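# Examining the three-dimensional arrangement
Below, each chain spelled out in residue letters.
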Amino acid sequence: MRVPRYTTQKVAFGIITAAAVGVVIPLVLVIAYIVVQGIGAISWEFISAMPRSGMREGGILPALVGTIWLTIGTAVTSIPFGVGAGIYLSEYAADNSLTRTIRLAIINLAGVPSVVYGLFGLGLFVIFLRFGMSIVAGSLTLGIMTLPVIISTTEQALASVPQSFRIVNASLGGTTWQGIRKVTLRQALPGIITGVILGLERAAGETAPILFTVAAFYLPRLPHSALDQTMALPYHLFVISTQVPGMPIQIQYGTALVLMVFVLTMNLLATLIRRYFRRRRQW
Amino acid sequence: MPPTAKIVLEDVSFYYGQEPALQHVSLEIADKEILAIIGPGMSAKSTLLRILNRLSDLATEGRLEGRVLLDGKDIHDPDVSVTQLRTRVGVVFAVPVPLPLSIWDNVAYGPQLRRGVSKSELDSLVEKSLRAAAVWDEVEDRLHEPAMALSGGQQQRVCLARVLALEPEVILLDEPCSGLDPISTMKVEEALLTLKKDHCIVIVPHNVQQASRIGDRVAFLMGGELVEHGSAEQVFTKPRDSRTDDYITGRFG
Ligand SMILES: Nc1ncnc2c1ncn2[C@@H]1O[C@H](COP(=O)(O)OP(=O)(O)O)[C@@H](O)[C@H]1O
Ligand SMILES: [Mg+2]
């Protein structure tokens, strides 16, 4: 006997809905668990004071500040090169073996494990270029790790701008660069910003790339300069979760909560920016 | 007095890859006249227009043979600036493509690309161009609203104004009225008849009637070949080639 069509439809609909809901459940659980466990640790002192008594007391200020600096450093190093490369690939590059090689390299870069970036940063920036363990070395390492994301989202965002705008620009005597500046880039901006923030967000939460390039185990002061070492939230979380005996659980989850809020705030920012621009888009 | 040739095509052929599109076309286009290029679909009318301001350069694997002279100067000479050429030879497309900017910014787009044009110069240029394109009355209150919010007919006239703001010598139009209502079409045609007093105009009309309404000269293309070329009166009343006759009397195409 054949099952009636609308029954199959209902079953399929049910399965798909369940899958969609299923995706949300772990996320909600993770967030809820961290909030419940960590909220008790949160206080003004927690985010504004130096750690004390072998990190078992006090706050996480240097780790928070370190992560903010590293995120800014990552942005400064990765945005110009990433957006520039994305513009080049989308608007200028011909389809030849060179650009195909570049694209292949970008795809592969995206697949390199983050600890490999860490080792690469140690070799190139810390040792060879003599930056030492420093915010500069860490930012450059995170920046390189973030490049593939920024390049490919920039390229995709530009590719989604209608070709007819480029032809109109050319037909009015505009150069390719004028077209990019006055029309194409502006239209692609929401997509690019989203990609940039998602890339930075990942960088902010990474431990492996900063492990050998910048992160200090315990340094209860703020960094003096860009060539200084610093604590950073993800590594600090790793340290207090595994390396410090007798660590109060609440401080661990409190730190995780701060890191999570930091990253989710960036995410929210990306969403707001995208929504703002999409509302103004006319095609 | 014979009209002066603004544009001369000398044995021009155009290929997309290996495919020949336009074949061995020689043609003189007079200044201060409207040339209508008619012919069935796929006969390379659009290709011919794009060659005249080198938008054909953008076709991947496009290849041109022969020479195109503007005021006696080969437009492919290495010392010719292609961006400057395109401001001298403006083009309006079949489907209006307003840029995602305001009406004002659309019309001022071309002049703004040049350096040293003041805001007040731009303002008067925008007004003048919109008036010449017969759309000023409809948009004067909303110059800073998005051009995309206009109706199709208004968009097309704003696109014409955008080309006029370049202060071009030659205006190319590729089926500019194909999507327009009769009233917008009439307005565009009236604007063109005024503009031809000091412009060279080449139009691919969307039908034979439009060619007969506004064309001074008519070129009939078929399969990429120039079959016949002459004054509108001659081509429409005494076509020399039977294929032209068949086409304009509607036996095919
Ligand atoms: N960008 C292009 N790439 C490849 N072939 C093209 C391109 N544009 C036009 N052609 C080809 O050239 C021929 C003439 O096209 P077109 O100039 O658009 O003719 P018309 O405007 O008379 O309809 C057609 O066979 C078309 O397929
Ligand atoms: Mg055409």
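Residues numbered from 1 in each chain as written. Chains lettered and ligands numbered in written order. Predicted model: local features only at pLDDT ≥ 70, side-chain atom pairs only at ≥ 80, totals over all residues. Heavy atoms only, no water.

## Here we look at the overall build of chain B
What counts, and what does not: Helix and strand labels come from DSSP, where a helix needs a run of H or I of at least four residues and a strand needs a run of E of at least two; each type is numbered from the N terminus. Only C-alpha atoms enter the radius of gyration, while the globule expectation follows 2.2 Å times N to the 0.38, with N the number of residues. Relative accessibility decides the category of a residue: with a 1.4 Å probe and only protein chains considered, values under 20% of the type maximum give buried, values over 50% give exposed, and everything between is partly exposed. Should any heavy atoms of two residues lie within 4.5 Å, those residues are counted as being in contact. For the area figures, the Shrake-Rupley method with a 1.4 Å probe applies, and any residue is considered shielded solely by the protein chains shown. We treat Lys and Arg as the positive residues and Asp and Glu as the negative residues; His and chain ends play no part in the count. A charge is said to be at NZ when it belongs to Lys, at CZ for Arg, at CG for Asp and at CD for Glu.
Scanning chain B from N- to C-terminus turns up 10 helices and 10 strands. Here the C-alpha atoms of chain B give a radius of gyration of 18 Å, agreeing with the 18 Å that 2.2 N^0.38 yields for 253 residues. By its C-alpha atoms, chain B is 50 × 45 × 40 Å across when sized along the principal axes. Out of the 253 residues in chain B, the part that is buried amounts to 53%. The long-range fraction of contacts in chain B, counting pairs at least 24 apart against all pairs at least 6 apart in sequence, stands at 66%. Surface exposure of chain B reaches about 11,200 Å², of which carbon and sulfur atoms provide 50%. One way to put it: in chain B the 27 positive side-chain charges average out to a point 1 Å from where the 37 negative ones average out.

## Here we look at empty space enclosed by the protein
For clarity, the cut-off: Points on a 1 Å grid, built from protein atoms alone, make a cavity when a 1.4 Å probe fits but cannot get out and make a pocket when they are open with protein on both sides within 12 Å along at least 5 of 7 lines; residues with an atom within 4 Å of a point are the lining residues. Grid points are joined across faces, edges and corners, and a volume is the space filled by probe spheres set on the points. When residues are sorted by character, Ala, Val, Leu, Ile, Met, Phe, Trp, Tyr, Cys and Pro go into the nonpolar class, Asp, Glu, Lys and Arg into the charged class, and all the rest, Gly among them, into the polar class.
Under the criterion given, the structure shown has 3 cavities of 30 Å³ or more. Looking at the largest cavity, its volume works out to about 70 Å³. Taken together, 13 residues line the largest cavity, and the ones lying closest to its centre are B:V91, B:V92, B:F93, B:C159 and B:R162. When residues of the lining of the largest cavity are traced back to their parent elements, those giving at least two are α7 (163-171) of chain A together with β6 (89-92) and α6 (152-164) of chain B. Sort the elements by how many residues they give to the lining of the largest cavity and α6(B) lands first, with 4 residues. For the lining of the largest cavity, the residue count by class is 10 nonpolar, 2 polar and 1 charged.

## Points about the sheet that holds strand β5 (residues 73-74) of chain B
Residues and elements named next belong to chain B. Keep this limit in mind: Pairing between two strands is assigned when DSSP locates at least 2 bridges connecting them.
Spatially, β2-β1-β4-β5 is the arrangement adopted by the 4 strands of the open sheet, whose pairing is antiparallel. Two strands bound the open sheet, and with one partner strand each, they are β2 (19-30) and β5. Bridge analysis of strand β4 (residues 62-70) against β5 gives 2 bridges, and the strand direction is antiparallel. For L70, the partnering residue across the bridge sits in β5 and is K73.

## Observations concerning the site of ligand 1
All names here are of chain B. For clarity, the threshold we go by: We call a residue near a given molecule or strand whenever any one of its heavy atoms falls within 4 Å of it. Side-chain atoms alone can form a polar contact between residues adjacent in sequence; in general such a contact is a pair of N or O atoms within 3.5 Å, and within protein one must be able to donate a hydrogen while the other accepts it.
Around ligand 1 sit Y16, A21, P40, G41, M42, S43, A44, K45, S46, T47 and R50, and that is every residue in its neighbourhood. Interatomic distance of 3.0 Å between a backbone N/O atom of S43 and an oxygen atom of ligand 1. Here an oxygen atom of ligand 1 sits 3.0 Å away from a polar atom, N or O, in the main chain of A44. Expressed as a share of its isolated accessible area of 560 Å², the protein-covered part of ligand 1 is 60%. With 4 residues, the single largest contributor to the shell around ligand 1 is helix α1 (residues 45-52). Split by residue class, the shell around ligand 1 holds 5 nonpolar, 4 polar and 2 charged.

## Topic: the interface of chain A and chain B
Reports often express the size of an interface as the amount of accessible area lost when the parts come together. The line we're drawing: Two parts placed together each lose some accessible area under a 1.4 Å probe, and adding up what both lose gives the buried area. Salt-bridge detection follows one rule: a side-chain nitrogen of Lys or Arg within 4 Å of a carboxyl oxygen of Asp or Glu.
Opposite the 19 residues of chain A that make contact, chain B presents 20 residues. Together chain A and chain B conceal approximately 1,800 Å² of surface at their shared face, both sides included; 70% is due to carbon and sulfur atoms. Where chain A meets chain B, there are 0 salt bridges. Where chain A packs against chain B, one counts 2 residue pairs in polar contact (both at pLDDT 80 or more). Sorting the residues of the side of chain A that touches chain B by element identifies α7 and α8 (176-205) of chain A as the ones contributing at least two each. Per element, the largest residue contribution to the side of chain A that touches chain B is 7 residues, and it comes from α7(A). Taken together, the residues of the side of chain A that touches chain B break down into 7 nonpolar, 10 polar and 2 charged.

## Things to note about the layout of surface pockets
Take a probe with the size of a water molecule and roll it over the atoms, and the empty space left behind shows itself. A volume near 470 Å³ is recorded for the largest pocket. A:E91, A:Q163, A:R166, A:T176 and B:L58 are the residues nearest the centre of the largest pocket, which is lined by 20 residues in total. Every element with two or more residues in the lining of the largest pocket is listed here: α3 (61-92), α7 and α8 of chain A. Broken down by element, the residue count for the lining of the largest pocket peaks at 5 residues, all from α7(A). Of the residues belonging to the lining of the largest pocket, the class tally is 7 nonpolar, 9 polar and 4 charged.

## Comments concerning the sheet that holds strand β9 (residues 217-222) of chain B
Residue and element names in this part refer to chain B. To keep it simple, the criterion reads: A fitted line through C-alpha atoms represents every axis, and for helices the fit uses only the stretch in contact; the resulting angles, taken between N-to-C directions, go from 0 to 180 degrees.
Here we have 6 strands laid out as an open sheet, ordered β6-β7-β8-β3-β9-β10, and mixed in their pairing. Edge positions in the open sheet fall to β6 and β10 (225-231), since each of these has one partner strand only. Across this sheet, the average inter-strand angle for adjacent strands is 15°, counted without regard to direction. Note that β6 and strand β7 (residues 170-174) share 4 bridges and pair parallel. Residue pairing across strands places G90 opposite I171, the latter belonging to β7.

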